[in-house]
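Residue-level structural notes
One letter stands for each residue in the lines below.
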Amino acid sequence: MLMKLKCRVAYACSRYSTSAVESIPWASSPSSCVIQDKDLLRKSLYPSGTGLHVLDLLDQCSLEPDRTLYHLLLKKCTRLRKPKLGKIVHAHIVNSSFRHDLVMLNTVLNMYAKCGCLDDARNLFEQMPLKDIVTWTTMITAYSQHDRPFDALFLFPPMLALGILPNQFTLSSLFKASAALPNTTHIHFMGNQLHSYCFKFGFHSNVYVGSSLLDMYARCGCMDEARLVFDALDTKNEVSWNALIAGHARKGQADHALSLFWKMLREDFQPTHFTFSSIFGACASTGSLEQGKWVHAHAIKSGGEIVAFMGNTLLHMYAKSGSIQDARKIFDRLVKRDVVSWNSMITAYAQHGLGKEAVQWFQEMLKIGVVPNDITFLCLLTACSRAGLLDQGQYYFNLMRNYNIEPQISHYVTIVDLLGRAGRLDEAKRFISEMPIKPTAAVWGALLGACRMHKNMELGTYAAECVFELDPHDSGPLVLLSNIYASAGRWSDAAKVRKMMKESRVKKEPACSWVEIENTVHVFVANDVAHPQIEEIHKKWEEISLKIKEIGYVPDTSHVLFYMDQQEREVKLQYHSEKLALAFALLNSPPGSSIRIKKNIRVCGDCHSAIKFVSQLERREIIVRDTNRFHHFYNGSCSCGDYW
């Protein structure tokens, strides 16, 4: 870009490109010259200068002060994120005839805001003798975009008190700030207040304001309100569609997110990388592999490269759906791999119990120069824990400090879990007592889980008491303690724990399993009678149960937490949700195909044993995802090595 300015002296022209000067016709003044865009931020030629050569020319009266020149200088400082040079321009403006020019000062304010210099922006804001809607909106937007939501919201009342009415940009930034508040109650309260202003000022159907409003409702989980705002918009754009889809995806409502996605396509809106990222996240939460593949195919047909953030969620979707091979293929095809990409792949290996592969991946990551962060080490320690790699886990825990990473509570949880799974319960307890930070319920919960695995009732009781004291509303520790007592045949103690749960109004999360057949998700609960094929399912499992008993399966009745005779306990075991899901999948999937089952809590020991025998009997791969990990069953064995 070229800008023609009048010069006081001809020698100023020689400071710039001669060819550029010669290409511009001479103006009426014999001393006209041309300044190229690349020279706008050229440094001063002498130490005594202002810091910018163009400003030196102004001080030397070689150039006349011009509003356009200042705007171009500030615009370039903003675009290149050079606030130090912007401050030099600001200082020059303060000593010029434009020091009280509102438009000029708004441009300076915008430069500070876009460069993240919020303190400088606020100082200028307070010093400005006049402020208009642009001034207030710039300051509100600056706070909103830099994670200071309270500062943004606190500016709104004084703005209204001065009689300045908001525009669509002001309200959009205020909704963004509201969505970033620390808890749902604050978000909902402030959102309702601002929503009423939208009606008052006539912005309730504006697509830009409406998109921000529905995003705010979606972020606090108020999807009914978000849908009402969406439906009320006069026109919709990709942003409003994305906000609603992302809201459902965050809540794990994959069916709603996918339904909106297909509707978006039918109405001729083009999905963006953000759309695909949200949909892949939704499919990952439910493990909907087939639907995820459909969306992936559409993304390929849409053209464009697999950018990092979309590629990372796609990788995560395949990994969470049980297809580690496809996850690896996506990683290899990423245009640019960042630390999140590497972390996602290490997490995938960890979830599938492939600890050695996760360690090898980490070594490869270091070899090519990618610097690990705290998440990397958390993924790596989790992989070591789930694979029983005790020595490697302890080594990498100590390695964190070499990268100036201080272990957080989540890292300590994985070490307790690692020691506990290895049976070193006393060492795990000692590790907790020597922690430099106060143990949380999660730390004691990891020890309690290990006590359940190794049937250590005394230490398990102590760990459960610690968890219950720190988090009395969590049903997990009490259920685990009840399991420990029941497994040891101490029914009266198990009953006492159940009574305590009832008195404390602590409820156990109901177990459910689901399986995807022909793009439809079928959900089952224990003793389910609601499914249309339930009679066939029960009959199928009874047939399978008899066959696997013939090849060695023995029901483990210690997992039935009620006092009853042996036969009743065996019957109770047969209708766990994962067994019903497995029987349904065997009835409705092609022979020899892989079966993928998801469960919302940890798979029980008896079901784990039964599924191993079914994989041997049916000669099929059965993949079960529970809250802890993936279990790949094939030919009578599991990838976890019975260590989960």
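Everything discussed here concerns the structure shown above.
Bear in mind the structure is a predicted one, so any value in this text is a computation, not a measurement. (Residues numbered from 1 in each chain as written. Predicted model: local features only at pLDDT ≥ 70, side-chain atom pairs only at ≥ 80, totals over all residues. Heavy atoms only, no water.)

1. A few points about the overall build of the chain
In terms of helices and strands, the chain carries 33 helices and eight strands. Overall size of the chain, expressed as C-alpha extent along the three principal axes, is 105 × 55 × 50 Å. In the chain, which comprises 644 residues, the share counted as buried stands at 51%. Taking the intrachain contacts of the chain between residues at least 6 apart in sequence as the baseline, contacts between residues at least 24 apart amount to 63%. Surface exposure of the chain reaches about 30700 Å², of which carbon and sulfur atoms provide 53%. (Helix = DSSP H or I, 4+ residues; strand = E, 2+ residues; numbered from the N terminus. Buried < 20%, exposed > 50% of the residue type's maximum accessible area, 1.4 Å probe, protein only. Contact = heavy atoms within 4.5 Å. Areas by Shrake-Rupley, 256 points an atom, 1.4 Å probe, with all protein chains shown as cover.)

2. Things to note about the side chain of asparagine 343
Looking at where asparagine 343 falls in the secondary structure, it is placed in helix α20 (residues 339–351). For asparagine 343, the contacting residues outside a window of four places in its chain are Met365, Asn373, Ile375, Thr376 and Cys379.

3. Observations regarding unusual backbone geometry
If you check the backbone angles, arginine 81 has positive phi at about 55° while not being a glycine. Considering the arrangement of structural elements, one finds arginine 81 in the loop between α3 (67–79) and α4 (83–94). Judged by relative accessible area, arginine 81 falls into the partly exposed class, the value being 47%. We note that asparagine 527 has phi near 60°; this positive angle belongs to a residue other than glycine. Mapping asparagine 527 onto the fold places it in the loop between β4 (520–525) and α30 (534–550). Look at asparagine 527 and you get partly exposed, because its relative accessible area is 39%.

4. Side note on the packing of α20 against helix α22 (residues 374–387)
Closest axis-to-axis distance for the α20/α22 pair is 8 Å, and the angle between their directions is 15°. Relative to α22, the element α20 is oriented roughly parallel. As α20 packs across α22, the resulting crossing turns out to be left-handed. For the pair α20 and α22, the contacting residues are Val339, Asn343, Ile346, Thr347, Ala350 and Gln351 in the first and Ile375, Thr376, Cys379, Leu380, Thr382, Ala383 and Arg386 in the second. (Axes fitted to C-alpha atoms, helices over the stretch in contact; angles between N-to-C directions. Parallel < 35°, antiparallel > 145°, perpendicular 65-115°, else oblique. Left-handed = near helix turned anticlockwise from the far one by under 90°.)

5. Focus on the packing of helix α18 (residues 308–320) against α20
For the pair α18 and α20, interaxial distance at closest approach is 10 Å and the crossing angle is 0°. Taken together, the axes of α18 and α20 lie roughly parallel to each other. Residue-level contacts link Asn312, Leu315, Ala319 and Lys320 of α18 to Val340, Ser341, Ser344, Met345, Ala348 and Gln351 of α20.

6. Details of the pairing of strand β3 (residues 512–517)
Here β3 lies mainly inside the structure; six of its six residues are buried. Sheet topology places β3 next to β4; six bridges connect them, and they run antiparallel. Paired with valine 515 across the two strands is histidine 522, which belongs to β4. Adjacent in sequence and paired antiparallel, β3 and β4 are bridged by two residues, among which glutamate 518 carries a positive phi angle near 50°. (Pairing = 2+ DSSP bridges.)

7. Points about the environment of serine 211
Along the chain, the position of serine 211 falls in helix α12 (residues 207–219). C-alpha separation for the pair serine 211 and asparagine 242, spaced 31 residues apart in sequence, amounts to 9.0 Å. Each residue touching serine 211, except ones within four places of it in the same chain, is listed here: Asn237, Val239, Ser240 and Ala243.

8. Some details on the packing of aromatic side chains
Across all of its chains, the model carries 26 aromatic pairs by this definition. Ring geometry for phenylalanine 261 against tryptophan 262: centres 5.0 Å apart, planes inclined by 65°, an arrangement best described as edge-to-face. With centroids separated by 5.4 Å and ring planes inclined at 45°, the aromatic side chains of tryptophan 342 and tryptophan 361 adopt a geometry described as tilted. Residue tryptophan 342 is located in helix α20, and its partner tryptophan 361 is located in helix α21 (residues 355–367); the two are separated by 19 residues in the primary sequence. (Phe/Tyr/Trp six-rings, centres within 6.5 Å; stacked < 30°, edge-to-face > 60°.)

9. Quick look at the pattern of salt bridges
The tally for this structure, following the rule as stated, stands at 13 salt bridges. In this structure, the salt-bridge partner of aspartate 417 is arginine 421, at a minimum N-O distance of 2.6 Å. Remark: arginine 421 and aspartate 417 occur in helix α24 (residues 409–421); sequence separation between them is four residues, near one turn of the helix. On the accessibility criterion, arginine 421 (10% relative accessible area) is buried. With its nearest N and O atoms 2.7 Å apart, the salt bridge here joins arginine 424 to glutamate 427. Overall, the relative accessible area of 34% leaves arginine 424 in the partly exposed class. (Salt bridge = Lys/Arg side-chain N within 4 Å of Asp/Glu carboxyl O.)

10. A closer look at the sheet that holds strand β6 (residues 622–625)
Each strand in a sheet pairs with its neighbour through backbone hydrogen bonds, running either in the same direction (parallel) or in the opposite one (antiparallel). Spatially, β4-β3-β5-β6-β7-β8 is the arrangement adopted by the six strands of the open sheet, whose pairing is mixed. Two strands in the sheet have a free side with no partner beyond their single neighbour: β4 and β8 (637–638). As defined by bridge partners, strand β5 (residues 595–599) adjoins β6 across four bridges and the pair is classed as parallel. Note on β6: the bridge partner recorded for isoleucine 597 is valine 624. Relative to β3, helix α32 (residues 577–588) is tilted by about 15°, and along the sheet it contacts β3, β4, β5 and β6.

11. A word on the pairing of β6
Side chains of β6 alternate between two faces, with Ile622 and Val624 and Ile623 and Arg625 buried alike. This β-α-β element, β5 to helix α33 (residues 605–618) to β6, shows right-handed connectivity. When β6 meets strand β7 (residues 630–634), the two strands line up antiparallel, connected through four bridges. Looking at β7, one finds that isoleucine 622 is bridged to phenylalanine 633. (Right-handed = clockwise from strand over helix to strand, strands pointing away.)

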